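Each chain, letter by letter, is given below.
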Amino acid sequence: MTDLATVRLTVNGTPREGRCAPRKLLVDFLREDLALTGTHVGCEHGVCGACTILVDGEAARSCLMLAVQADGARLTTVEGLMTDGALHPLQEAFRDHHGLQCGFCTPGMLLTALDLLRVKPEPSAADIREGLSAVLCRCTGYHGIVKAVQAAAPILRARAEQQSRP
Amino acid sequence: MKPPRFEYHAPRSVDEAVDLLGRYGGDAKVLAGGQSLMPMLNFRLTRPAALVDVNRIAALAYVREDDGMVAFGAMTRQRTIEFSPEVARRLPLLREATRWVGHLPIRSRGTIGGSIAHADPSAEYPAVLTALEGEVVAQGPRGRRTLRAAELFETYLTTRLAPDELLVEVRLPAMPAGAGHAFEEFARRHGDFAIVGIAAMVVRDGARCRTARLATAGAGPVPLRLRAAEEILERDGLGDAAIAAAAARAAELVQPDSDVHASADYRRHLTGVLTARALTRAVERAR
């Protein structure tokens, strides 16, 4: 039996630490060891995208990483999107445009869309569809989700501009 | 499911990684980007005694130009390749193929070395390596050696790398100025593995074709260079009739298998259709 490893990382701006077996998946570490259950476990083989989080700012599948691999990393999960009790503009857009029904895929959709909008701040509808094909939704047929991401794009651009101003 | 138990090592240097691989004598797996190995572990399709995680070897992530070649450290992420200005300039075929590799969140982790060493017959990078006559550098206990694309791939998911060798670098000749290129692929959903993919490059010389390159993904156990189809273009030029003849020849050259995703006949048909599409686009882009 392999010894437990210590994992120290920053999640949503807060330093966290835990001990786990090397075979523990990052998504299970987040949910079971750090009690952050917003990140969902779907297929466990990288297809459904429900477990997508940001690792050092880039969207990645947390079911395809070991927790020990995230030692020293900065993670963002769905729990980190709200500020001061207010929803993130992308979350607001999902609510306003009926971008979710059961909500199972939503954390993965949100983090995937955030990464997409950072890489492509002015995406076409086709860009959004291609980007969101990384996450499977079985309820909404994607129309509401695409609309939400489209609506959030200018808001996030304005926000980024504001933040970059001295 | 969850991965089975294994001993976990995260070496900081290539030498250390090669030592570890030698110590386990073929019972260790190299963990690169993990986008194929982790699903196999989660499904318990593989049960290695140890994982040698090479993600902490900083010296394995780079893109540099080197005497007409572009050299990639094996751990260079597909995402880095997608957004690299150097790749866009020197290897636009690789850049275009990268957009077909899974999805952006997969490319954040997936690596060029991992994709090639995994040797999935449907994967895009082995086809590009084959089309561009690239090579890989492997390091083992007896030092480094270079393997050409044509000698690297043995069969499904199998390369000629030894169990104690680590793929450390991928080298692709920079595409000639003015070369036209295209990567065409058909999959049932965007981001899925290709049922068939075609990598194409043509170098024009007026109405003539100086060089044509064609390689497949998904049309057999290993990426296949379609030399006899290339020769048609190099002999007859880049007109519509030559493209149609090359595409028909391409479909004859492949030996696909049937599986749950597609029949052999369908793959053969797709090879012809996609070769014609890829060549048409590549010729439009060639200067």
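Residues numbered from 1 in each chain as written. Chains lettered and ligands numbered in written order. Predicted model: local features only at pLDDT ≥ 70, side-chain atom pairs only at ≥ 80, totals over all residues.

Student: Mind showing me how you'd approach the overall build of chain A here?
Tutor: When helices and strands are tallied, chain A shows five helices and five strands. Shown N-terminal to C-terminal, the secondary structure of chain A runs as helices and strands in the order β-β-α-β-β-β-α-α-α-α. For 166 residues, the compact-globule estimate of 2.2 N^0.38 gives 15 Å, and the C-alpha radius of gyration of chain A, at 16 Å, lies within 12% of that figure. The proportion of buried residues among the 166 residues of chain A is 43%. Across chain A, contacts joining residues at least 24 apart in sequence account for 57% of those joining residues at least 6 apart. (Helix = DSSP H or I, 4+ residues; strand = E, 2+ residues; numbered from the N terminus. Rg over C-alpha atoms; globule rule 2.2 N^0.38 Å. Buried ≥ 20, exposed ≤ 12 C-beta atoms within 10 Å, placed from the backbone. Contact = placed C-beta atoms within 7 Å.)

Student: Would you mind going over the sheet that holds strand 3 (residues 50–53) of chain B with me for this structure?
Tutor: Residues and elements named next belong to chain B. With respect to topology, three strands assemble into an open sheet ordered 1-3-2, the strand pairing being parallel. The two strands at the open ends of the sheet, each matched to only one other strand, are strand 1 (7–9) and strand 2 (28–31). Adjacent strand axes in the sheet meet at a mean angle of 20° when their direction is disregarded. Relative to strand 3, strand 2 is paired through four bridges, and the arrangement is parallel. (Pairing = 2+ DSSP bridges. Axes fitted to C-alpha atoms, helices over the stretch in contact; angles between N-to-C directions.)

Student: How should I be thinking about helix 8 (residues 124–131) of chain B in this particular structure?
Tutor: For an α-helix, 3.6 residues make a turn, and residues three or four places apart therefore share a direction. Summarising burial for helix 8 of chain B: eight of the eight residues are buried, a large majority. If you check which residues of helix 8 of chain B are buried, you get Glu124(B), Tyr125(B), Pro126(B), Ala127(B), Val128(B), Leu129(B), Thr130(B) and Ala131(B).

Student: Just checking my understanding: could you explain the environment of Ala160(A) for this structure?
Tutor: Looking at the element boundaries, Ala160(A) is found in helix 5 (residues 143–164). You can call Ala160(A) partly exposed: it has 13 C-beta atoms within 10 Å.

Student: What should I look at first to understand the packing of helix 4 (residues 125–132) of chain A against helix 5 of chain A in this one?
Tutor: In a packed pair of helices, the relevant descriptors are the angle between the two axes and the axis-to-axis distance. All names here are of chain A. The contact between helix 4 and helix 5 brings their axes to 10 Å, and the two run at 120°. The angle between helix 4 and helix 5 places the two elements in the oblique class. Crossing geometry of helix 4 relative to helix 5 is assigned as right-handed. For the pair formed by helix 4 and helix 5, the contact residues are Ala 125, Ile 128, Arg 129 and Leu 132 on the first element and Ile 145, Val 146, Val 149 and Gln 150 on the second. (Parallel < 35°, antiparallel > 145°, perpendicular 65-115°, else oblique. Left-handed = near helix turned anticlockwise from the far one by under 90°.)

Student: Can you help me understand the confidence of the model for chain B in this one?
Tutor: Caution applies to low-pLDDT parts of the model: their predicted coordinates are not meant to be read in detail. With 100% of its residues at a pLDDT of 70 or more, chain B has an overall mean of 97. This prediction of the complex comes with two scores: 0.96 for pTM and 0.96 for ipTM. (pLDDT = per-residue confidence, 0-100.)

Student: Teacher, can you tell me more about the sheet that holds strand 4 (residues 63–66) of chain B here?
Tutor: The strands making up a sheet associate through backbone hydrogen bonding, with each pair oriented either parallel or antiparallel. Residues and elements named next belong to chain B. Strand order in this open sheet of five strands is 4-5-10-6-7, and the pairing throughout is antiparallel. The sheet is open, and its two edges are formed by strand 4 and strand 7 (143–148), each paired on a single side. The sheet shows a mean angle of 25° between the axes of neighbouring strands, direction not considered. Of the strands in this sheet, strand 6 (135–140) and strand 10 (166–173) touch helix 1 (residues 14–24), which is tilted by about 125° from strand 10.

Student: What's the story with the interface of chain A and chain B in this structure? I'm lost.
Tutor: Where interface size is given, it is often the accessible area lost as the parts come together that is meant. Residue-level contacts link 24 residues of chain A with 25 residues of chain B. Elements supplying a minimum of two residues to the side of chain A that touches chain B: strand 4 (58–61), helix 3 (106–119) and helix 4 of chain A. With four residues, the top contributor of residues to the side of chain A that touches chain B is strand 4 of chain A. In the side of chain A that touches chain B, the residues fall into nine nonpolar, nine polar and six charged. (Nonpolar A, V, L, I, M, F, W, Y, C, P; charged D, E, K, R; others polar.)

Student: Explain the nonpolar core here, please?
Tutor: One broad trend across soluble globular proteins is that nonpolar side chains are buried collectively. Counting 142 residues, the largest nonpolar core has Leu93(B), Val128(B), Ala199(B), Ala200(B), Val202(B) and Leu279(B) as its most contacted members. Once residues within four sequence positions are removed from consideration, Ala200(B) is found in contact with His181(B), Ala182(B), Arg213(B), Leu214(B), Ala278(B), Leu279(B) and Ala282(B). (Core = buried A, V, L, I, M, F, W, Y, C linked by C-beta atoms within 7 Å.)

Student: Quick question: what am I supposed to make of the pairing of strand 3 (residues 52–55) of chain A here?
Tutor: For a regular strand, the rule is simple: side chains alternate between the two faces of the sheet. Residue and element names in this part refer to chain A. Side chains Thr 52 and Leu 54 project from strand 3 onto one buried face, and the interleaved Ile 53 and Val 55 project onto a second face that is buried too. Pairing analysis gives four bridges linking strand 3 to strand 4, with the strands arranged antiparallel. Bridging across to strand 4, Thr 52 finds its partner in Arg 61. Summarising the sheet, strand 3 and strand 5 (residues 74–76) pair through two bridges and their orientation is antiparallel.

Student: Help me understand helix 1 of chain B in this model?
Tutor: Residues and elements named next belong to chain B. Within the sequence span of helix 1, burial applies to Ala 17, Val 18, Leu 20 and Leu 21. The buried side chains of helix 1 occupy one side of the element, clustering within an arc of 160° when seen end-on. Elements that come into contact with the buried residues of helix 1 comprise strand 1, strand 2, strand 3, strand 6 and strand 10. One or two steps after helix 1, the chain reaches Gly 25, where phi turns positive at roughly 50°. (Arc of directions from axis to C-beta.)

Student: Hey, could you run me through the environment of Asp27(B) in this one?
Tutor: All names here are of chain B. Relative to the helices and strands, Asp 27 is located in the loop between helix 1 and strand 2. For Asp 27, a count of 14 C-beta atoms within 10 Å gives the class partly exposed. Leaving out residues up to four positions away in the same chain, Asp 27 has contacts with Pro 48, Ala 49 and Ala 50.

Student: Explanation requested: the packing of helix 10 (residues 227–236) of chain B against helix 11 (residues 240–253) of chain B in the structure shown.
Tutor: Residues and elements named next belong to chain B. Taken N-terminus to C-terminus, the directions of helix 10 and helix 11 make an angle of 165°; their axes are 8 Å apart at the nearest point. The orientation of helix 10 relative to helix 11 falls into the category roughly antiparallel. Along this stretch, helix 10 crosses helix 11, giving a crossing that reads as right-handed. On helix 11, the residues touching Ala 228, Ala 229, Ile 232, Leu 233 and Asp 236 of helix 10 are Ala 242, Ala 245, Ala 246, Arg 249, Ala 250 and Leu 253. Classifying every residue of the contact of helix 10 with helix 11 gives nine nonpolar, no polar and two charged.

Student: Any chance you could explain the pairing of strand 3 of chain B here in plain terms?
Tutor: Residue and element names in this part refer to chain B. Of the strand pairs in this sheet, strand 1 and strand 3 are connected by three bridges, and their pairing is parallel. Along strand 3, the bridge assignment pairs Tyr 8 with Leu 51. Traced from strand 2 through helix 2 (residues 37–42) to strand 3, the parallel crossover comes out right-handed. (Right-handed = clockwise from strand over helix to strand, strands pointing away.)

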